Amino acid sequence: MSDSASRIVVSDLSIRYGEVTAVNGVSFEVGRGEHVTLLGPSGCGKTTTLRAIAGLEQPAIGTISIDGEVMYDAIERRNVPTEHRGVSMVFQSYAVWPHMTVLGNVAYGLRVRKLASSELSAKVERALDLVQMRHLADRPASKLSGGQQQRVALARAIAFSPTVVLFDEPLSNLDAKLRAEMRLELRELQRQLGITSVYVTHDQEEALAISDRVIVMNVGVIEQIGTPEQIYNRPRNRFVADFVGSANLIRGRVGKPLANGGTIEFMADGGHVLRATAPHALRGGETEVAVRTAYIEIGKTADANQLPGTVRRRMFHGDFVQYVIDCPLGQLIVRRPPTNLVAEGEDIELSFSPEHCILLEG
Amino acid sequence: MTAPVKGWLRSGNHWQGAITLPVLLVVAFLVLLPVVFLLEESLNTGDPMAFPPQQYGLANYAAMLEEDLQVIVNTVVIAVTATMMAVVIGFTLAWILTRTNVPGRDRLERLMQLPYYMTPLVGALAWAVLASPKSGFFNQVWRWAGGEGDLFNIYSMFGIAWIMALFEGTVAFVMISAAMKSMDPALEESARVIGASKLRTALTVTLPLVMPGVLGATLFVFAEMLGSFAAALVIGIPARVYVITTAIWDSTLSYPPAYGRASAMGLALFVVMFAMLSGYRWMVARGSFATITGKAFRPRTMDMGRLAWPLFAVCALYIVLAVALPLAALLLTSLERFATALLSQAQFTLANYEMALALGPVRTALANSLLLGLGVATVGVLVMALLVWIIYRSEMVGRGAVEYLVMFPQAVPRLVFGLALLWAWLNMPIPIYGTLWLLALAYFTVMLPIGVRTLAGVVLQVDKSLEECARVCGAGWLYQLRTISLPLLKPGVIAAWLLIFMASVRELGVSVFLMGPNAKVIAPSIVGAFASSGIELTAAMALIQTFTVVVALMILFRLTRGMTRELT
C-alpha cells in the first residue's frame, strides 16, 4: 500500500480520549527527506497525530506505516512499541534529563543501541558540533539555559542517525529572537542530514518558513495540504485564509466563468463585481473570496480589480504599515511597505489582481 | 472501540488489571474493614466482648449524651481554645515570614517545621517538666526568686490546649503561609497604583484574599484538635480532665472493656471530623481561592525598619517555647537524679540513660520500634510506589477508587483507627493480635496517605515526556525504568522512606491499642513510664526517641534541600 517514495504513510487515523475525538480521519504521506509541518490552533489534534506516529498515543482507527512497515493497524491489532519504531523526537518541554550531563543525554540513544565506545564518542561529538554545544559536553543538564537545553534535545534526537525525526513545537518556549535563529539552524540541519521530519507548530510564520509542505489542521481534521506558497496564495477555505497570514474576506456570490483559465466573476454584496480565481473545483455554495492584506496595492494597476477608497486609520508596525480603508466592499485591511505613507482621511484608489482574489469553498 | 479493548491493545497492559484488582481488595480490606467492625461493635448492646453481637441498639450512643456530657464539653472547649491559639500563632508567624523583611527569614521558616517533628507526646512531657505545679521548673524558679504559690499549672484545660496549639498547630502556619504566598503581588500593587493607602490595601485587598485560607486552616486545625490524643493523655489524665479521645482510651481499660461505648464515641468523633474535613475540601474546591493560583509567588515584602528585630524576637520566642525550652528541660531532667531547675541543687548522673537502655522492656520496646520503622518504611515504600504508579501513571479503571481508599485513613482519628483495628483483629481468624505483625500492618495502613502523597508529589514533578523521550530514543520499558525513572525518583523515594520511618518510631495512637505484652513499642512505653516511673527516666526515654527521629530528620533535610520544601 505504500510506495517506496513515502517514508511515512498515515491513513484514516482517528484518536479518541473517552468521548472526545481528538483526531478524526486524518490521512497524509511524507516523502523521503521531506519536511512536513502540521499547523493548527491548540487542540486541533496536531500533537496527538505526531505522538501517534511515535507510538506514544493509541489510535482508535487507521494505520501508520514507516518505510513500508506497518507500525500501527487498528484492524490487525498491530502496534509496534515506541522503542522499536526507529523514529526520534524533540519534545516541547525538551525533556532533557536533569540527572545526566549534556554528554549523557546525547549519548543515550547510542548507548541503548550498544555502540562501541569509539564510534559512540565520534557520533556524540558530531551531534554536539552540529548544535555548537561541544564545549558544554560535561555540564550537568540541570545547569543549562532554555536555548541550550533546546540544542541538547536536538543533538540527542539526531545523534543515533534516525531516518525520521518528529518535532513537537520545539521552539515555542524560546524568545522571539532566539526562535528566529533556531528556525534557520533547524532548516539548515535538516537539509544537511537529509532526514525526514514531521514538525508540529501553531505558529503559521514558522510553518511557512521551514516546511516543504504544510498540513493545516483544525478540530481533528485536515483543512488543506500544500506547499507554503500554495497554502498562502490559494487557501482552500475560510479557516485556512484566516489562520495562515491575514486576509480580507468578501461575501457575495459566484457569477459566470470568464474565458481565461480559472477566472470567474464574483458579485460582491453591495453590487460591486470582482474578477476572482477559483483554484479548486466549483461545487456551488461558494459565498466568499479572500484577498491577502499584502496583495492589495494603493494606486492604479493595469488588468486588476479597481476600487476607490478612503483611509480611515493608519498603524505603523515598522516592517509594514497597516491601513483600514473604507471602500464599496466595506472595510478592507491593507498592509503596505513603510515607504510612501498615505495620510489618514486621504482618498485613494485600491487595486488587486484577479489571481490574488481567491474563491473559498463554502 | 471501547476502552477495555483499547487497553488490551496497548502492549503490556493486559496484566495491569490483574494487579489492580488484588491491590484494590487488599487496600479496601486494610482500610475499610476495621471501620465496619467498629460500626458493628458500636451498635452492640449485649455482652461487649461477644462477636458477632447478640443484641443491637443505640444504647451506646445514648449513653454518650447522658453520661459523657462533661467529656464532650471539655473536648469542645479545649479544641476551640487550642485552635484559636494555633491560628493566631500561625497567622502571625506566616505574616511575619512571608510579608516582612524579618532578618534570617529562610532559616526561620525551616525552623518552624521543628515543633511538628518534636511530636505532641514529647512536647507534653517537656511542658509537664516545665510547668507542673510545685515541681515544675518555672514554678521552682519563681519560688526561688521569692514568689509565692505557683505561677503556672499545666495540668489544666488551658494547659492541654496550649500544648496542642504549640505542637499540632504548625499545620496552621503551613496552610496560611501557603495562602499568603500564592497571592499574586500584582493584586495588591494594582490597588496601590489606583491610589489606595497601605492600610486600605491591607484591609480591602489582602485580608479578603487571605481570609478563605485562614478559615480553611481554622476548620482543618479544629478537626485535628478534636482527634488529638497525646497531650490529653499525658496532661489530661493526671489532671482528671477527660476529652473524647482519652475517654475512648479509658473505657477500653475498664473490666470488662466497654468496647461498645468506646466504638460509639470513636465513630461519633470520626463522623464529626469527617464532616469538617469534607467542609474544608468543599471550601477549597468551591473556588473561594479563585484569585489564588496554584503558582507560588514571592510576595513583595514590607520594609519594617526598626520593627524587624522585634518581629524576629516573636519568631524566636515561638521556637524557644516549642523547641528550645522543652528540649533543654528534658535534657536537664534526664541528666539529674531528681528533676530540678536550680543547678546548685542538681545531682548530675547518667543513670537514667543507663537504666533506659538496660531495662528489658524499654530496650525491647526501642528495638521493636526501630525494627518496625525499618520494616514498614522499606516494604511500605515499595507497595506505595506501586499504588502511586497505579493511581497517577496508569490508565486503569478503578484507579480513582484506589486513590480514595488510600487517602481514607487520613480522615479517621489515629486513636479511633487503632480501636477499630483492635476490635477487627481480635475477631479475625488470623492470630496476629498482640504481635509485631499486626503493628506493622497497622502502621502501614495509617501511613498510606502521607507515604503516597510524598511519592506522588515527586512522581507528578517528573514530566512524562522525560520517560517518553527515553522510549523514543529506543529504550525498552525496563531500561527506561533503570536509567531514567528510578534515578529521577530516588530523592523522593528516600524522603518518603524517612518520613514513614520517623512516623513509625513516634507512633502512639494506634500503638496503645495494638501493643501486646510481647510486642511493646517505644511511644506507649514512654507514656507508661511517665505514669509509673519517675519523670527523669521518662525524659531519658523521650530524648532517645527524639534523637532517633532527629537523625532521620537531618538526613531528610540534607536530601530535600534542593527539592520541595513543604514536607509536612
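Check the entry above for the structure.
Residues numbered from 1 in each chain as written. Chains lettered and ligands numbered in written order. Predicted model: local features only at pLDDT ≥ 70, side-chain atom pairs only at ≥ 80, totals over all residues.

The next subject is the pairing of strand β11 (residues 221–226) of chain A. All names here are of chain A. Pairing geometry for strand β10 (residues 213–218) and β11, over 5 bridges, is antiparallel. Bridging across to β11, V216 finds its partner in Q224. Between the end of β10 and the start of β11, which pair antiparallel, lie 2 residues, with V219 showing a positive phi angle near 35°. (Pairing = 2+ DSSP bridges. Helix = DSSP H or I, 4+ residues; strand = E, 2+ residues; numbered from the N terminus.)

A separate point is the interface of chain A and chain B. The interface of chain A with chain B comprises 21 residues on the first partner and 20 residues on the second. Those elements that place two or more of their residues in the side of chain A that touches chain B are β7 (87–90) and α2 (102–112) of chain A. Looking at the side of chain A that touches chain B residue by residue, the class counts come to 11 nonpolar, 7 polar and 3 charged. (Contact = placed C-beta atoms within 7 Å. Nonpolar A, V, L, I, M, F, W, Y, C, P; charged D, E, K, R; others polar.)

What follows concerns the environment of B:Y56. All names here are of chain B. Relative to the helices and strands, Y56 is located in the loop between α3 (33–42) and α4 (59–67). On the basis of neighbour count, Y56 is assigned to the exposed category, with 12 C-beta atoms found within 10 Å. Considering only alpha carbons, one finds Y56 and L151, 95 residues apart in sequence, at a separation of 51 Å. Each residue touching Y56, except ones within four places of it in the same chain, is listed here: L43, N44 and T45. (Buried ≥ 20, exposed ≤ 12 C-beta atoms within 10 Å, placed from the backbone.)

All names here are of chain A. Read across the open sheet, the 5 strands follow the order β16-β20-β17-β18-β19; overall the sheet is antiparallel. Taken across any chain shown, the strands that pair with only one partner, and hence form the sheet edges, are β16 (297–298) and β19 (330–336). In this sheet, β19 lies alongside strand β18 (residues 321–327) in antiparallel orientation, the contact comprising 7 bridges. Looking across to β19, one finds that I325 is bridged to L332.

Unusually for a residue other than glycine, A:Q132 sits at a positive phi of about 55°. Topologically, A:Q132 is positioned in the loop between α3 (117–130) and α4 (146–159). Of the residues examined, A:Q132 has 12 C-beta atoms within 10 Å and is grouped as exposed. Despite not being glycine, B:T119 has its phi angle at roughly 75°, a positive value. Secondary-structure assignment places B:T119 in the loop between α7 (114–118) and α8 (120–131).

All names here are of chain B. For α8, built from 12 residues, the straight-helix expectation of 16 Å at 1.5 Å per residue is met to within 8% by its first-to-last C-alpha distance of 15 Å. Judged by how many residues are buried, α8 sits mostly within the fold: 12 of 12 residues are covered. Among the residues of α8, those classed as buried are P120, L121, V122, G123, A124, L125, A126, W127, A128, V129, L130 and A131. (Expected span 1.5 Å × (residues − 1).)

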